[in-house]
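# Topology and contacts: notes
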Amino acid sequence: QVQLVESGGGLVQPGGSLRLSCAASGIIFRIYAMDWYRQAPGKQRELVASIASGGATNYADSVKGRFTISRDNAKNTVYLQMNSLKPEDTAVYYCNAHYVFQNYWGQGTQVTVSS
């Protein structure tokens, strides 16, 4: 059974930092591309950051220079380090794993940026 379990969300003040984690089980983690998406209330889910199996990364323009995605294949975990957080970063953040035609989602973790 495939599971993606996100953690690390919470309430943070503008300018603060959070690190999200997504622990995967039931897949050969090292061959999967891993993504972080987010969905704010009333908005479509959007891709925030991605990391390929080989380690190449991509970011949405809105988070470039502030967010960093990384992976630890020994721990079957992908991370999203979020710095200089803004109120517009408030959303539910989802982890996604995909390989060829296989695609899995986590349950999401809430990030709220507010003073």
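The structure contained in this document is the topic of the report that follows. None of these values were measured; they are calculated from a predicted model.

Ranked by internal contacts, the top residues of the largest apolar core, which has 29 residues, are Met34, Trp36, Phe67, Val78, Leu80, Met82 and Tyr93. At the level of elements, β3 (18-25), β4 (33-39), β5 (46-51), β7 (67-72), β8 (77-82), β9 (91-99) and β11 (109-113) are the ones that each hand at least two residues to this core. Leave out the neighbours within four places in its chain, and Tyr93 touches Glu6, Leu20, Trp36, Tyr37, Arg38, Val48, Phe67, Leu80, Met82, Gly108, Thr109 and Val111.

With that out of the way, let us pick up the pairing of β8. Within β8, 5 of the 6 residues are buried, leaving the element largely enclosed by the surrounding structure. Here β3 runs beside β8; their pairing, made up of 6 bridges, is antiparallel. Bridge assignment links Leu20 to a residue of β8, and that residue is Leu80. Hairpin connection between β7 and β8: a loop of 4 residues separates the two successive antiparallel strands, and Asn76 in this loop has a positive phi of roughly 55°.

Next up on the list: the packing of aromatic side chains. Across all of its chains, the model carries 3 aromatic pairs by this definition. When the centroid spacing of 5.6 Å and the interplanar angle of 45° are considered together, the rings of Tyr32 and Tyr99 count as tilted. Of this pair, Tyr32 sits in the loop between β3 and β4 while Tyr99 sits in strand β9, and the two are 67 residues apart along the sequence. Looking at Tyr32, the relative accessible area reads 4%, which means it is buried. Residue Tyr99 is classed as partly exposed on the basis of its relative accessible area, which comes to 35%. Through a chain of ring-to-ring contacts, three or more aromatic side chains come together here, namely Tyr32, Tyr99 and Tyr104. The ring of Trp105 carries Arg45 above its face, with NZ or CZ at 4.7 Å from the centroid. Over the aromatic face of Phe29 sits the side chain of Arg71, whose NZ or CZ is 4.6 Å from the ring centroid.

Reading guide: rules and limits
- Residues numbered from 1 in each chain as written.
- Predicted model: local features only at pLDDT ≥ 70, side-chain atom pairs only at ≥ 80, totals over all residues.
- Heavy atoms only, no water.
- Core = buried A, V, L, I, M, F, W, Y, C linked by side-chain atoms within 4.5 Å.
- Buried < 20%, exposed > 50% of the residue type's maximum accessible area, 1.4 Å probe, protein only.
- Helix = DSSP H or I, 4+ residues; strand = E, 2+ residues; numbered from the N terminus.
- Contact = heavy atoms within 4.5 Å.
- Pairing = 2+ DSSP bridges.
- Phe/Tyr/Trp six-rings, centres within 6.5 Å; stacked < 30°, edge-to-face > 60°.
- Lys NZ or Arg CZ within 6 Å of the ring centre and 35° of its normal.

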